[in-house]
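Close look at the chain arrangement
One-letter residues, chain by chain:
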Amino acid sequence: MIKIENLVKRYGPLVALDHLNLEIEEGEIFGLLGPNGSGKTTAISCLLALLKYDKGNIEVFGKTMTPDNYEVKKQIGVVLQNVAVFDEMSVRENIDYFCGLYVSGKEKRKALTEEAIRFVGLEDYTKMRPRQLSGGLLRRLNIACGIAHQPRLIIMDEPTVAVDPQSRNKILEGIKELNRKGATIIYTSHYMEEVEQICSRIAILDHGRCIAQGTKEELKSMIKTGEKITVEGILMEEENLPDIRNLPHVFDVTYENQELTVRCSGAKHNLVRVLNYLQEKDIAFGRVFSELPTLNDVFLEITGKELRD
Amino acid sequence: MTVFKGYMRITKRLLGMILMYVVIFTGVTVSMQFVARGTESSAYRAERLDIAVVDEDGGALAKGLVSWLSEKHNVTGMEKNEEVMQEALYYETVDLILQIPENFEEKCLSGENALSLTKVPGTYNAVYASAQINTFLNQVRTYRAAGYTISEALEKCQSQNDSQVNMLADSKAKNGMQSYGYAFRFMPYLFLTALCYVLGLILASFRKKEVKNRMMASAVSLRRQNGEGILAFLVVGTAMWLFSILLILCIDGKSFLADPNKWYYIGNTLLLMLVCLAIAFILGLLVSKPSVVNSIVTPLSLGMCFLGGAFVQMSLLGENVLRVSQFLPVYWYEVVNDTLSNCVSMTDGVRMSIYKGMGIQLLFALALIGIAMAVSKMKQQDR
Ligand SMILES: Nc1ncnc2c1ncn2[C@@H]1O[C@H](COP(=O)(O)OP(=O)(O)OP(=O)(O)O)[C@@H](O)[C@H]1O
Ligand SMILES: [Mg+2]
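Residues numbered from 1 in each chain as written. Chains lettered and ligands numbered in written order. Predicted model: local features only at pLDDT ≥ 70, side-chain atom pairs only at ≥ 80, totals over all residues. Heavy atoms only, no water.

All names here are of chain A. Protein coordination at the magnesium ion (ligand 2) comes from Thr41 (OG1) and Gln81 (OE1), with a distance range of 1.8 to 2.1 Å. Residue Thr41 is located in helix 1 (residues 40-47), and its partner Gln81 is located in the loop between strand 6 (76-79) and helix 3 (91-100); the two are separated by 40 residues in the primary sequence. Judged by its relative accessible area of 31%, Thr41 falls in the partly exposed class. (Donors = N, O, S within 2.8 Å, 3.2 Å for Na, K, Ca; no water. Helix = DSSP H or I, 4+ residues; strand = E, 2+ residues; numbered from the N terminus. Buried < 20%, exposed > 50% of the residue type's maximum accessible area, 1.4 Å probe, protein only.)

Now for the interface of chain A and chain B. With 30 residues of chain A at the contact, the number on the chain B side is 24 residues. For the pair chain A and chain B, the summed buried area comes to about 2,600 Å², and 58% of that belongs to carbon and sulfur atoms. When the buried area of chain A at its contact with chain B is split by residue, Leu50, Glu88 and Leu101 of chain A rank highest and sum to 24% of it. Where chain A packs against chain B, one counts 4 salt bridges. (Contact = heavy atoms within 4.5 Å. Buried area = accessible area lost by both parts, 1.4 Å probe. Salt bridge = Lys/Arg side-chain N within 4 Å of Asp/Glu carboxyl O.)

Residue and element names in this part refer to chain A. The buried fraction of strand 7 (residues 153-157) is high, at 5 of 5 residues. Residue alternation in strand 7 divides its side chains into two sets, Leu153, Ile155 and Asp157 and Ile154 and Met156, and both sets are buried. Bridging between strand 6 and strand 7 involves 4 bridges; their strand directions are parallel. Paired with Ile76 across the strands is Leu153, a residue of strand 7. Strand direction decides the pairing type here: strand 7 and strand 8 (residues 184-189), joined by 5 bridges, are parallel. Note on strand 8: the bridge partner recorded for Leu153 is Thr184. (Pairing = 2+ DSSP bridges.)

Turning next to the domain arrangement of chain B. Taken as a whole, chain B is organised into domain 1 (2-40 + 177-380) and domain 2 (50-159). Summarising the inter-unit geometry, the C-alpha centres of domain 1 of chain B and domain 2 of chain B are found 38 Å apart. (Domains from an automatic or database assignment.)

This part is about the site of ligand 1. Residues and elements named next belong to chain A. In the vicinity of ligand 1, 13 residues are found, and the nearest of them are Gly37, Lys40, Thr41, Thr42 and Gln81. Within the side chain of Thr42, one N or O atom sits 2.5 Å away from an oxygen atom of ligand 1. By residue number, the principal contributor to the shell around ligand 1 is helix 1, which donates 3 residues. Partitioning the shell around ligand 1 into residue classes produces 4 nonpolar, 7 polar and 2 charged. (Near = heavy atom within 4 Å. Polar contact = N/O pair within 3.5 Å; in protein donor to acceptor, adjacent residues only side chain to side chain. Nonpolar A, V, L, I, M, F, W, Y, C, P; charged D, E, K, R; others polar.)

All names here are of chain A. Enumeration according to the criterion identifies 0 disulfides over all chains in this entry. You can see Cys210 has no disulfide; the closest cysteine sulfur is in Cys199, sitting 13 Å from it. We classify Cys210 as partly exposed; its relative accessible area is 24%. (Disulfide = S-S within 2.5 Å.)

Residues and elements named next belong to chain B. Spatially, 4 strands are ordered 2-1-3-4 in an open sheet, and the strand pairing comes out mixed. Each of the sheet's edge strands pairs with one partner strand only, and the pair in question is strand 2 (74-77) and strand 4 (116-119). Ignoring strand direction, the axes of neighbouring strands in this sheet form an average angle of 25 degrees. The pairing of strand 1 (residues 50-55) with strand 3 (residues 96-100) spans 5 bridges and is parallel. Looking at the pairing, Ala52 lines up with Ile97 of strand 3. Helix 3 (residues 60-72) contacts strand 1, strand 2 and strand 3 of the sheet and is inclined by roughly 160 degrees relative to strand 3. (Axes fitted to C-alpha atoms, helices over the stretch in contact; angles between N-to-C directions.)

A few words now on the sheet that holds strand 4 (residues 55-60) of chain A. Residues and elements named next belong to chain A. What the 4 strands build is an open sheet, ordered 2-1-4-5; its pairing is antiparallel. The sheet terminates laterally at strand 2 (14-24) and strand 5 (63-64), the two strands that pair on one side only. Here strand 1 (residues 2-11) runs beside strand 4; their pairing, made up of 5 bridges, is antiparallel. In the strand pairing of strand 4, Ile2 is matched with Val60.

The backbone phi angle of Ala49 of chain A is positive, close to 60 degrees, even though this residue is not glycine. The topology assignment puts Ala49 of chain A in the loop between helix 1 and strand 4. When its relative accessible area of 8% is taken as the criterion, Ala49 of chain A is described as buried. A positive phi angle, close to 55 degrees, is found at Asn103 of chain B, a residue other than glycine. By secondary structure assignment, the location of Asn103 of chain B is in the loop between strand 3 and helix 5 (104-109). Take Asn103 of chain B: its relative accessible area is 47%, and that puts it in the partly exposed class.

Next up on the list: the pattern of salt bridges. All chains considered together, the criterion is met by 22 salt bridges over all chains. Between Arg13 of chain B and Glu93 of chain A there is a salt bridge whose closest N-O contact spans 2.9 Å. Note that Arg13 of chain B is positioned in helix 1 (residues 2-13) and Glu93 of chain A in helix 3, a pairing that runs across two chains. Take Glu93 of chain A: its relative accessible area is 16%, and that puts it in the buried class.

This part is about the domain arrangement of chain A. The domain boundaries assigned to chain A delineate domain 1 (2-221) and domain 2 (227-292). Distance from the C-alpha centre of domain 1 of chain A to the C-alpha centre of domain 2 of chain A: 41 Å.

Note on aromatic pairs: each is described by the distance of the centres and the angle between the planes. The full count for this structure, using the stated rule, is 18 aromatic pairs over all chains. For the ring pair Tyr7 of chain B and Phe206 of chain B, a centre distance of 4.3 Å and an interplane angle of 10 degrees mean the geometry is stacked. Separated by 199 residues along the polypeptide, Tyr7 of chain B in helix 1 and Phe206 of chain B in helix 9 (residues 179-207) bring together distant segments of the chain. On the basis of relative accessibility, which here comes to 7%, the residue Tyr7 of chain B falls in the buried class. Taking the relative accessible area as the measure of exposure, Phe206 of chain B reaches 7% and is therefore buried. One aromatic cluster is present, built from ring pairs that chain together Phe86, Tyr97 and Phe98 of chain A together with Tyr7 and Phe206 of chain B. Residue placement shows Arg152 of chain A over the ring face of Phe61 of chain A; its charged tip is 4.1 Å from the ring centre. Taking NZ or CZ as reference, Arg168 of chain A lies 4.5 Å from the ring centre of Tyr191 of chain A, over its face. (Phe/Tyr/Trp six-rings, centres within 6.5 Å; stacked < 30°, edge-to-face > 60°. Lys NZ or Arg CZ within 6 Å of the ring centre and 35° of its normal.)

The structure is reproduced here in structure tokens:
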């Protein structure tokens, strides 16, 4: 449904998008994951023809995307990263206005507006001005304005920043619901949990390049880490580290701030082996976790740095 | 029409602000009148003026006019000599010079205002006399039209108790200017502040980077967005203009409607409205923060109005100031306005200067719209 080929966007000397290639199928929830400044917003802006780009090709619904391709734009809902609402209008008026940019029938628009209000849970705030809303409520209004006309493709750029976990979950569930009803969704975020939770396919961006793409299982299987063991509140000597490193399946050990992190590839009983070693050496420790790899680990292994800094 | 409706919705939210300016405007207009009444009126109320008459015609009507005038004022004859006339006015040996051209009778009866009145600049006394003259001539015309001969008509007018004249002349003389004259003079303040505020704020909202981007991503074409925006501007401007005329009818409707120049006044304000719309448009394009709009509009409108002569009589502004003022549309609006409120008879010369002032305003409006379009194009490209 969407095809981005060799997209290059430069801001002066800075290359914000470096030969980006993405393909998104109808019915997907496609996640764009990347740290701050990795080019997510830039990619979205190019996709919406809001930005001119230096090179590349963008196709939406099988047609080349241009600024005046209004037939295509009509079927797209946009939730931009920066909240775009009118301070002089109430919550309901704002949603009605943005819905009106796509839907002309008054009755139909009214129904859609009410549905959008319910969707983001702003029923108690319909008469308020955006200025009177808290940051999270404002974000929810932003979302409602973007999806009210029930478009075929919804593009969301970090829509849940500053939204509390409870509302966030509600919104994420809502997005899944929209998807079930047939909307294709492009979802941008630097929260890997969110992306993992809802996205059927994920592209990881860094410095304007797509460094990995696939389902989360595919992504995780791309890396060596099969299990990550974290031991907190532990006091030990540096000389113990090589021993741990030499345990079977272990390929990386770090010890910092009384916290030991051991990365193991696949296999079973890794945790038992580490704990046995600590017991043997009579080393005291606090809490212990064993985790399956996260997208953060994927990012870390490919780029050598944490996704979240 | 979603975009248009959006503009209107925001305008509605700003009505309170418009109302505030209307109240200020009305307050200033009324109080200026009050001040003017206090200072100017008593000094020359029933005063006899020194009027010099240059009679190039010498016909019956001219003679009749002069003899009628002599009963009310100190009338002296004068040669048609520019230098002598200038001097007399300069040293204020006369208050007013009345020139009666050749073929006066014919011109006058055909309805043309052939008389030329020159007064000492900055005085209002002459207005009193000129109103009297006008009324007198109108009466003569009326009698002529009713079938009387010139001499009969003159006789009728001479003998007539000129109560009507007094009333009309009185109000003009008392205030120096009619109430609506003040209202029109301050109009630029109302238009500039109200329109710049409201439209500046609306445009700022619509041009906020986020909203602009969001709108560009929507299904409404840019051309359509602009079209509906311009329509909204025109509607708001026209509403403001109509409202101001209505306001004047409320303040002093009776005498305004009696003013033969009322259409010139109205046309002049229409042009002013266009100019103010263009200014508001540019302001909205350049400024995208509501708080900045707030802090720009007040000095902008006050400055323009002051320099343009909306607050202070133009004759009181220094020559250097006036030189600068000429580059302000408000100045030309006030020129037309002053001409209209001082004008006793609509001669070709007066008409020319009115058209000139209006023409310049129109040029200003067109130039400003041109600038606005260039700015808007420039802003669109930097993305
Ligand atoms: N208008 C601009 N002019 C110059 N550089 C820009 C501009 N917009 C973005 N950039 C740069 O392009 C790069 C990509 O920015 P972008 O906004 O796409 O990142 P992002 O992935 O959306 O980040 P975030 O998670 O913070 O939203 C950044 O390095 C940013 O500094
Ligand atoms: Mg971004």
